[in-house]
Structures are given as structure tokens and as C-alpha cells.
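# A closer look at the structure
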Amino acid sequence: MAEWTIIGRDVRDELGEGTLWSARDNAVYWVDILAPTLNRLALDTSEIRRWPMPEPLGWVVERAGGGFIGGFRSGFAEIDLDPIAIRPIADPEPHLPGNRMNDGKADAQGRIWCGTMDMAEAQDTGSLYRLDPDRRWTRMDEGYRVPNGPAFSHCGRWLYHSDTARRVIYRFALDADGAIADRRPFVRFAEADGYPDGMTVDADGHIWVAHWGGGRISRFSPDGEQVRTVTLPARQVTNITFAGAGLDRMFVTTAATGLAPTEHDGALYEIDCGTRGLPTGIFPG
């Protein structure tokens, strides 16, 4: 039995990213950063919808009051769909017009963690931010070329975040108040592995990581040991989420940017993962 299937649709993502499981909508959301669009796969009907966005959108997080918080090139904003309404919250980097937000996620307390990056991928001007429920943001770390992740351990004590360009996933100690400390390399990718991209944590505390340029996803133990690999026909694998009522379905995004057109690159995949994920963090503010 194949470990993966392609979700049928008539388009491919230039830069698929930011996967999100919504129990509220029984749907998987993801972005195409460069299109730019917000996309939704309804699990009950398999219907796919695409909403054009006014500028690059790196991620969305569900908001408890309805709609989403999104990470745009110009900063944090509220997003409502049908009809589309976008309301800016804050731009943490008005002094860096060449930067954009890349990847982000809410932790179990609803705090949003996200990274920014130089769109040209030439300067280490990226940072890691935390957006709290009161809508105040804090720069938590800096000096990134291409930040990705983040992901949170099932016990809530660790934050995982990568600098894709440096081929390293970091692990931070995370306290109950949202402070981080003791940044240490958790996994380093060899050249043959490609680059660590988006990631998620399963209910057993293992970390699943997408390999940009490596054509696969891998599962790592809490000690950083690689314990499983699922090879995909797409070369640029970008992000992962668990979905479904039992959190036992896995969906993976890929990117077609810079590649000749194929049916595999830029496709959305469902993976036969054999494990369950953790509930989606929801922004309460």
C-alpha cells in the first residue's frame, strides 16, 4: 500500500505552506505564499476553495471569535472569509520592507509564534516573534535567514524552530509564561537531506519534519533520532499537519517554485502516517 496519495485538484501551489487543521470547519487550510492565496480542503466533501490575498501570506491561525489571524508581508492581521475582510493589527518590522512572514502556529495557550525572513533570502534579518492574546507582540529571537516551524512538544516544555538556510532545527526551553531560553541545536541536516522546513509534533512526542529539496518527511524521536521516513515524488516538501476528528490523517504541502511543471511538485498530499497528532492551537484574542 502506498504511503501517500495526491489530493486531486486543477492547480499546483507555487509555494504551499502554513497547513492548519480546523475542527470548527472540518477542513484543512493552507496558503500559497507567492500566489498569494488561502486554500481550504473540506474533509466531508473534498471540495477545495481558494481565496486570493492582497499580498504574500505566510500562515493563518484560527481565532476563537471566528475567522483567523494571518501573517502577511505587512504584519499581523485579522482575516474573515465570505466576504473577505482584512483588518491590520500590527507590523513588527516597518523598518525592513524586504522582509515577510514565513511560518507560524499557535501553542496550546493560544499564543502565536512566527518567523520573518528576507524575501530575497540574502540577509539574516529574520526574527522569531510571539503574538499574545492581548495582541501585543514580542521579538523572541533574531538572526534568521529562513525561519520555519514552529512546533511545540506534547508536554508544553519545548519549542522547536528551525533556520532552514543553516540546515538546523533548534530546541528552546519554553515556560508557562511564554519565555524561551537555552536555544540548542536539536537536529542538523546533512546536504543529502535537503533543508528542514515546516514541522509538527504527534501525540507520542515525536517531531515530523518536511525536507525542502529532500523529497520526503521524517519523524524524529524526542531525543533527535530519526525513526521513520516517508519518501514523496515532490522535491520541495514544505509543511505538515494532522487532521480529522481523530487527528489521525496527515496532510503535507509542497512547492513548485523554480521547477518545471509536474503533477507532483506543488501538490497537496495525504500521508498514511499511522499515528495521531495534537489539537490545533487557537488564538483567543
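Structure first, text after, so check above.
Note on numbering: residues in each chain are counted from 1, in written sequence order. At least 70 in pLDDT is required for a residue's local features to be given in this predicted model, at least 80 for side-chain atom pairs to be given and counted, and no such filter applies to totals for whole chains, interfaces and linings, which use all residues. Where side-chain values are given, they derive from all heavy atoms of the structure, hydrogens and water being excluded.

## Focus on the pattern of salt bridges
The term salt bridge refers to a side-chain nitrogen of Lys or Arg lying within 4 Å of a carboxyl oxygen of Asp or Glu. Scanning all chains against the criterion turns up 24 salt bridges. Linking Arg9 and Asp13 is a salt bridge whose minimum nitrogen-to-oxygen distance equals 2.8 Å. Asp13 matches Arg9 in its accessibility class, with the two residues each being buried. In this structure, Asp124 and Arg166 form a salt bridge, with 2.9 Å as the shortest nitrogen-oxygen distance. Placement of Asp124 in the loop between strand S11 (112-118) and strand S12 (126-131) and of Arg166 in the loop between strand S15 (158-163) and strand S16 (168-174) is noted, with a sequence separation of 42 residues between them. Only protein chains enter the accessibility calculation, which uses a 1.4 Å probe; a residue whose area is less than 20% of its type maximum is buried, one above 50% is exposed, and one in between is partly exposed. Taking relative accessible area as the criterion, Asp124 reaches 34% and is therefore assigned partly exposed. Given the relative accessible area of 39%, Arg166 is considered partly exposed. Each of the salt bridges in this network shares a partner with another, and the network as a whole consists of Arg63, Glu78, Asp80, Arg87 and Arg135. The helix and strand labels rest on DSSP assignments: H or I over at least four residues marks a helix, E over at least two residues marks a strand, and numbering proceeds from the N terminus.

## Section: the packing of aromatic side chains
A pair of Phe, Tyr and Trp rings is counted when the ring centres sit within 6.5 Å of each other, with Trp represented by its six-membered ring. The angle between the planes then sorts it: under 30 degrees is stacked, over 60 is edge-to-face, the rest tilted. Scanning all chains against the criterion turns up eight aromatic pairs. Measuring from ring centre to ring centre gives 4.9 Å for Tyr29 and Phe68, while their planes differ by 65°; the resulting arrangement is edge-to-face. Linking Tyr29 in strand S3 (residues 27-32) with Phe68 in strand S7 (residues 68-72), this pair joins segments that are 39 residues apart in sequence. Here the two residues Tyr29 and Phe68 agree in accessibility, since each one is buried. Geometry around Tyr195 places Arg167 over its ring, the cationic atom sitting 4.0 Å from the centre. To sit over a ring, a charge needs its Lys NZ or Arg CZ within 6 Å of the ring centre and within 35 degrees of the ring normal.

## Concerning the sheet that holds strand S18 (residues 195-201)
Pairs of strands are assigned from DSSP output, requiring at least two bridges between the strands. The antiparallel open sheet is built from four strands, whose spatial order is S18-S19-S20-S21. The open sheet has two free edges, formed respectively by S18 and strand S21 (226-231), since each of these has just one partner strand. Each neighbouring strand pair of the sheet contributes to a mean axis angle of 25°, computed without reference to strand direction. Summarising the sheet, strand S19 (residues 207-212) and strand S20 (residues 216-220) pair through five bridges and their orientation is antiparallel. Considered in S20, the bridge of His211 is made with Arg216. Simply put, an axis is a line fit to the C-alpha atoms, just over the touching stretch for a helix, and the angle between two N-to-C directions goes from 0 to 180 degrees.

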